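Residue-level listing of the chains:
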Amino acid sequence: ISTRIRIARNLSMFPLNPGGTKESREQIAALMEEVYTGLQGTELGGEFFLHTKMSDDQRQALIDGHQLFRGKDKMQAASGYHADWPHGRGVFHNPEKSFVNWVNEGDHLRIISMQNGGDVEAVFARLAAGAKAIEDGVRKATKQGDGEVFMMHPKFGSVTCCPSNIGTGMRGSVHILVPKLIKKIGFEAIDKLARERNCQARGSSGEHSAVVDRIDISNWRRIGFPEYELVNDMIACANFLAEEEDKIADDDSAPVEDAKLFGKKPGIDPDYDLILDEQLAKNEYPAAKLEASRAAENTPLSAQFCTPEIWEKYKDQKSTGPAGWTLARAINTGVMYPSSFVGCHAGDRESYDDFKEFFYPVIEAYHKGFSMEKGSSLKGTAAERMDPSKIATKLSANAKSKIISTRIRI
């Protein structure tokens, strides 16, 4: 078993990446290279590898060590996540690879703490120290003084590109081996069991991936709950699924190898390049496509809430932030890929408020029970609430024997 905890953070002095440019991504990478230089001589110090400059041997070593992010994702590409790939993207890690940063994978930063074994407290402690070191380093390099370093919103907290990750936005996940359960009841039934326990199921390699012999289980709730309670959700669900797996008689099925990672293809590649829907590119309301989405069994939240009235109100408006975001750009993922659950993204922090009659209902529909009018009542900072001693639920020995890896991210 291994434990991984990670947080997503966006720097307040840049637009969110869907609304960014090649230049803004490269400026972020250059800033972070300066910050990482300042970590030398500490447990967190290490080496920064830019995608555009790393050698084939370095690339393969990062792939083998599971440190290199793949980027390739059509739904994310439709938001602008992967535009200008691979410029401005990079991976930083210390020699032990227990402290890893992804730069411009989607959000500006993914700060990751990881190690073999189940010592959650040690991993939490390193994450907290690492996040503070990054924040202090950025503050020093940009001469922010007491100003905001990480992008925050007064109602829901940490700002991210996708509404599903805003707020405390913590995601703890385990990769748990349940091949018999997958074979007997299938992925959808496992996901239903997980959701009944405030969790969700994803494919064997995470979001938008195929299901093989293992399932990614993570907490579903995001806003308005302390971090330790979300970890409790994850642990309790993992314990339950481990017990359900053992109730099924053994079979001789062999595990299937994970799919290999592939890089961007020459020319326009929908897995990486931003492709706008033809009507949205003309700033036209895609009425037929959205009506078809609303009539389908699974409707993206973007289609539910981007009504003709909302479109008319916001179609010619741009966000007041640095991205100059539009409603057309915001809903492109849901129009291009109606199977997506959320189907929309923000281009800068201001997007959430500038298009609030669209984004606020999306946020409330995804984060059930959360009110944008009331906002979050959580006290203290995320670092202050990340106290492992408050995690009441413990992983059972049965669950530990089936878990491949553990991730917790905010």
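Before any of the text, the structure's been laid out above.
Residues numbered from 1 in each chain as written. Predicted model: local features only at pLDDT ≥ 70, side-chain atom pairs only at ≥ 80, totals over all residues. Heavy atoms only, no water.

(A) Highlighting the overall build of the protein chain. From N to C terminus, the protein chain includes 15 helices and eleven strands. In terms of overall dimensions, the protein chain is globule-like: its C-alpha atoms have a radius of gyration of 21 Å, near the 22 Å expected for 410 residues. Reported as C-alpha extents along the three principal axes, the dimensions of the protein chain are approximately 60 × 55 × 50 Å. Considering the protein chain as a whole, with its 410 residues, one finds that 53% of them fall into the buried category. By sequence separation, contacts in the protein chain at least 24 residues apart represent 71% of the contacts at least 6 residues apart. One finds the centroid of the 53 positive side-chain charges in the protein chain at a distance of 1 Å from the centroid of its 58 negative side-chain charges. (Helix = DSSP H or I, 4+ residues; strand = E, 2+ residues; numbered from the N terminus. Rg over C-alpha atoms; globule rule 2.2 N^0.38 Å. Buried < 20%, exposed > 50% of the residue type's maximum accessible area, 1.4 Å probe, protein only. Contact = heavy atoms within 4.5 Å. Lys, Arg positive; Asp, Glu negative; His and termini not counted. Charge placed at Lys NZ, Arg CZ, Asp CG, Glu CD.)

(B) Molecular detail of the nonpolar core. Leu 11, Met 32, Tyr 36, Leu 109, Ile 134 and Ile 217 are the most contacted members of the largest nonpolar core, which totals 52 residues. Considering every element that reaches this core, the biggest residue donor is helix H6 (residues 227–246), with eight residues. With near-sequence residues (within four places) excluded, Tyr 36 lies in contact with Phe 48, Phe 92, Asn 101, Val 103, Leu 109 and Ile 134. Core analysis: the second largest hydrophobic core is formed by 39 residues, Cys 306, Ala 330, Tyr 352 and Phe 370 among them. (Core = buried A, V, L, I, M, F, W, Y, C linked by side-chain atoms within 4.5 Å.)

(C) Molecular detail of the pattern of salt bridges. In the structure shown here, the tally under the stated rule is 14 salt bridges. Taking the shortest distance from any N to any O, the salt bridge between Arg 110 and Asp 107 comes out at 3.5 Å. Among the residues examined, Arg 110 registers a relative accessible area of 5% and is labelled buried. The salt bridge involving Lys 192 is made with Glu 196; its shortest N-O contact spans 2.8 Å. Here the residues in one salt-bridge network are Glu 105, Asp 107 and Arg 110, joined through shared partners. (Salt bridge = Lys/Arg side-chain N within 4 Å of Asp/Glu carboxyl O.)

(D) Structural view of the side chain of Asp 277. Within the secondary structure layout, Asp 277 lies in the loop between H6 and helix H7 (278–281). Accessibility expressed as a relative area gives 5% for Asp 277, which makes it buried. Non-local contacts of Asp 277, meaning those with residues more than four positions away in its chain, are made with Pro 286, Lys 289, Asn 332, Val 335 and Met 336.

(E) Representation of the environment of Gly 147 within the structure. Positionally, Gly 147 belongs in the loop between helix H4 (120–142) and strand S6 (152–153). Of the residues examined, Gly 147 reaches a relative accessible area of 25% and is grouped as partly exposed. Through-space distance from the C-alpha of Gly 147 to that of Gly 45 is 25 Å; in sequence the pair is 102 residues apart.

No statement about biological role is implied by the geometric values presented.
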